[in-house]
Amino acid sequence: MDIKKLIAAVALLTASFSAGAVTPVKLALTTWIGYSPFYVAEGMDMYKKHGLKVTLQTFADPAMLPSAVAGKAVDGALMTYDQVIGAAAQGQVFKVVMPIDYSNGGDAVLADMSIKTIADLKGKKVAYAPLSPSDFLISYALKINGMSDKNISPVNMTPEAIPSALASKAVPAGVTYEPNVSQILSMDGGKRFHVIYSSKEAPGLIADVLVFDEAYIKKNGKEVAALIQAYLDGLAYLKSHPKESSEIIGKAIGVSGKEVLEQLQGVYNIPLVEMAQPFKPGKDTKSYFVSGEVINQILLKSGQIKKPVAISSTLDDQFVKALSK
């Protein structure tokens with residue numbers, strides 16, 4: 001797609017809203033603090049400015065997102081990069097068109113106070129959702145500690161169910177993400193549970209991305225670009241009006257504005273000036289080529305994929321390049 005033509009098309013799409021034309025776009029996502037700019041854009045009616053009517057469809061189980069996109073139940077999704085690799089291994093042609101964020105402490109392995117380190121999980125029940133960011137985080141944490149899931153007793157559980165499972169002592173440890181992490185840490189005045197490993201120790205390893213399938217991108221390039229612009233508007237408003245934005249986000253994810261501001265500390269939303277970097281080969285896990293190879297190796301070892309996925313086949317940086325110019 002020609003860059004100049006793409007930018008012109010987006011300008012035309014935005015201008016067309018004044019004439020009443022809007023294009024519907026349905027996005028699948030899970031409840032996650034890193035998606036805050038999308039919630040702000042929705043709450044401030046920013047999508048209309050770009051000629052879009054965006055529906056954010058929340059799924060309780062992250063594992064359902066790839067199938068929702070593949071089955072055309074939604075147009076695109078906000079998902080983690082490891083899910084993109086998993087889908088590619090199954091022959092689904094998903095493309096990352098924009099980096100959204102990377103978890104910077106917002107995903108965590110939590111345990112009761114008797115468990116001090118990842119090594120202490122040996123032989124213990126650990127609850128988490130298979131084929132999810134939580135699965136990836138615990139797999140990586142175990143790997144760098146010379147362990148694997150064979151050294152623990154995995155318990156299949158959705159991220160949202162983990163706080164109650166820990167509270168009831170059904171399991172001594174679990175892996176989940178915000179707002180569940182904060183909920184767990186606040187139990188009994190913060191004296192029952194603590195974080196023994198988090199995504200802050202490997203920035204970029206758990207990365208959230210905006211994904212569409214290849215066919216949708218070819219047919220709806222101007223809508224994809226317009227959506228990215230709306231996201232950037234939401235991010236700009238979040239940065240300039242944090243308190244007002246926190247109230248909007250809180251209503252979307254079911255927590256207070258104060259809790260939103262606390263949870264935002266555990267995630268890094270990538271600004272436009274940095275969006276091109278994850279698409280390039282690099283030296284740390286902030287590059288999809290680096291984190292993607294780590295993901296490939298873990299998924300191969302666990303048997304979730306049969307052969308490594310070519311990282312470049314999952315990326316489409318044309319929109320980021322166009323908007324950056």
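Quick caveat: nothing in here was measured; it's all calculated off a predicted structure.

Undergrad: An account of the overall build of the chain is requested, with residue identities and associated values reported.
TA: The helix and strand tally for the chain stands at 13 helices and eleven strands. Compactness check: the chain gives a C-alpha radius of gyration of 20 Å against a globular reference of 20 Å for 325 residues, within 12% of the reference. Expressed along its principal axes, the backbone C-alpha trace of the chain runs to roughly 60 × 45 × 35 Å. Scored against the burial criterion, the 325 residues of the chain give a buried share of 53%. The contacts of the chain with a sequence gap of at least 6 include a subset with a gap of at least 24, amounting to 79%. Accessible surface, the chain as shown: approximately 13900 Å² in total, 55% of it carbon and sulfur.

Undergrad: Account for the side chain of Asn269, with residues named and values stated.
TA: Mapped onto the elements, Asn269 comes out in strand 11 (residues 267–269). Here the side chain of Asn269 touches Gly34 through a polar contact of 2.8 Å, landing on its backbone oxygen. Within the structure, the side chain of Asn269 is placed 3.3 Å from the side chain of Tyr231, a separation counted as a polar contact. If near-sequence neighbours (up to four positions away) are discounted, Asn269 is found in contact with Gly34, Pro37, Ile100, Asp101, Tyr231 and Leu235.

Undergrad: Before we move on, can you summarise the domain arrangement of the chain with the specific residues and values?
TA: Domain parsing of the chain yields domain 1 (23–102 + 206–324) and domain 2 (107–201). Between domain 1 and domain 2, the contact holds 17 residues from the first and 18 residues from the second. Counting each side, the surface lost to burial between domain 1 and domain 2 is near 1700 Å², with a carbon and sulfur contribution of 69%. Between the two partners, domain 1 and domain 2, sit zero salt bridges. The tally of links from domain 1 across to domain 2 stands at one residue pair in polar contact (both at pLDDT 80 or more). In the side of domain 1 that touches domain 2, the residues fall into ten nonpolar, six polar and one charged.

Undergrad: Can you break down the environment of Met157 residue by residue, with the values?
TA: Summarising the element assignment, Met157 is placed in the loop between strand 7 (153–156) and helix 6 (162–167). Assessed through its relative accessible area of 16%, Met157 is described here as buried. Contact partners of Met157, with chain neighbours within four places excluded, come to Ala127, Tyr128, Ala129, Ile162 and Ala165.

Undergrad: Break down the pairing of strand 2 (residues 52–58) for me, with residues and values.
TA: As paired strands, strand 1 (residues 23–29) and strand 2 are joined by seven bridges and run parallel to one another. Note that in strand 2 the partner of Thr23 across the bridge is Leu52. Regarding the hand of the β-α-β motif, the stretch spanning strand 1, helix 2 (residues 36–43) and strand 2 is right-handed.

Undergrad: Could you give an account of the UniProt feature "domain: SsuA/THI5-like" (unreviewed entry) in the chain, with specific residues and numbers?
TA: Mapped onto the present numbering, the UniProt feature "domain: SsuA/THI5-like" (unreviewed entry) falls at residues 35–244. Regarding residues 35–244, the helix share stands at 36% and the strand share at 26%, and the terminal C-alpha atoms are separated by 16 Å.

Undergrad: How would you sum up the nonpolar core? Please name residues and give values.
TA: Leu27, Phe38, Tyr81, Leu121 and Leu210 are the most contacted members of the largest nonpolar core, which totals 95 residues. Looking at this core element by element, the count peaks at eleven residues for helix 9 (residues 221–240). Here this core spans two domains, and each of domain 1 (23–102 + 206–324) and domain 2 (107–201) adds at least three residues to it. Beyond its immediate stretch of four places on either side in the chain, Leu121 contacts Val109, Ile115, Val126, Ile138, Asn151, Ile152, Ala173 and Ile196. The next biggest cluster of nonpolar side chains, apart from the first, holds twelve residues, and it includes Ala127, Ile162, Leu166 and Met187.

Undergrad: Outline the packing of aromatic side chains, listing residues and values.
TA: Within the structure shown, the criterion is met by six aromatic pairs. Feature note: the residues Tyr81, Phe279 and Tyr288 constitute an aromatic cluster, connected by ring pairs.

Undergrad: Any details on the environment of Val209? Residues and values, ideally.
TA: You can see Val209 is positioned in strand 10 (residues 207–213). Distance from Val209 to Val84, taken between C-alpha atoms, is 8.9 Å for residues 125 residues apart in sequence. Apart from the residues lying within four places of it in its own chain, the contact partners of Val209 are Ala77, Leu78, Met79, Thr80, Tyr81, Val84, Val96, Met98, Pro99, Ile100 and Tyr288.

Calculation rules
In every chain, residue numbers begin from 1 and rise along the written sequence. Thresholds applied to this predicted model are a pLDDT of at least 70 for local features of residues and 80 or more for the giving and counting of side-chain atom pairs; totals over whole chains, interfaces and linings are not thresholded and use all residues. The side-chain figures draw on all heavy atoms in the structure; neither hydrogens nor water molecules are used. Counting from the N terminus, the helices are the DSSP runs of H or I reaching at least four residues and the strands are the DSSP runs of E reaching at least two. The reference for a compact globule is 2.2 Å times residues^0.38; the radius of gyration itself is calculated from the C-alpha atoms. Only protein chains enter the accessibility calculation, which uses a 1.4 Å probe; a residue is then buried when its area is under 20% of its type maximum, exposed when over 50%, and partly exposed in between. Every residue pair with non-hydrogen atoms within 4.5 Å of one another is taken to be in contact. Working definition of accessibility: Shrake-Rupley area with a 1.4 Å probe, residue cover restricted to the visible protein chains. Pairing of N or O atoms within 3.5 Å defines a polar contact, subject to two protein rules: one partner must be a possible hydrogen donor and the other a possible acceptor, and residues neighboring in sequence count only if both atoms are side-chain atoms. All the domain ranges listed were derived from an automatic or database domain assignment. We define buried area as the total accessible area lost by two parts upon association, computed with a 1.4 Å probe and summed across both. Basic side-chain nitrogens of Lys or Arg form a salt bridge, by our definition, when they fall within 4 Å of a carboxyl oxygen of Asp or Glu. Under this grouping Gly is polar, as are all residues other than the nonpolar Ala, Val, Leu, Ile, Met, Phe, Trp, Tyr, Cys and Pro and the charged Asp, Glu, Lys and Arg. By definition, two strands form a pair when at least two bridges between them are found by DSSP. Look down the strands so they point away from you; if going from the first strand over the helix to the second traces a clockwise path, that crossover is right-handed. UniProt positions are given in the numbering used here, feature names are shortened, and annotations may be inferred rather than shown by experiment. Put simply, a nonpolar core is a bunch of buried Ala, Val, Leu, Ile, Met, Phe, Trp, Tyr and Cys residues held in one set by side-chain atoms that sit within 4.5 Å of each other. By convention, a stacked pair of Phe, Tyr or Trp rings (six-membered ring in the case of Trp) has centres within 6.5 Å and planes under 30 degrees apart, an edge-to-face pair has planes over 60 apart, and any other such pair is tilted.

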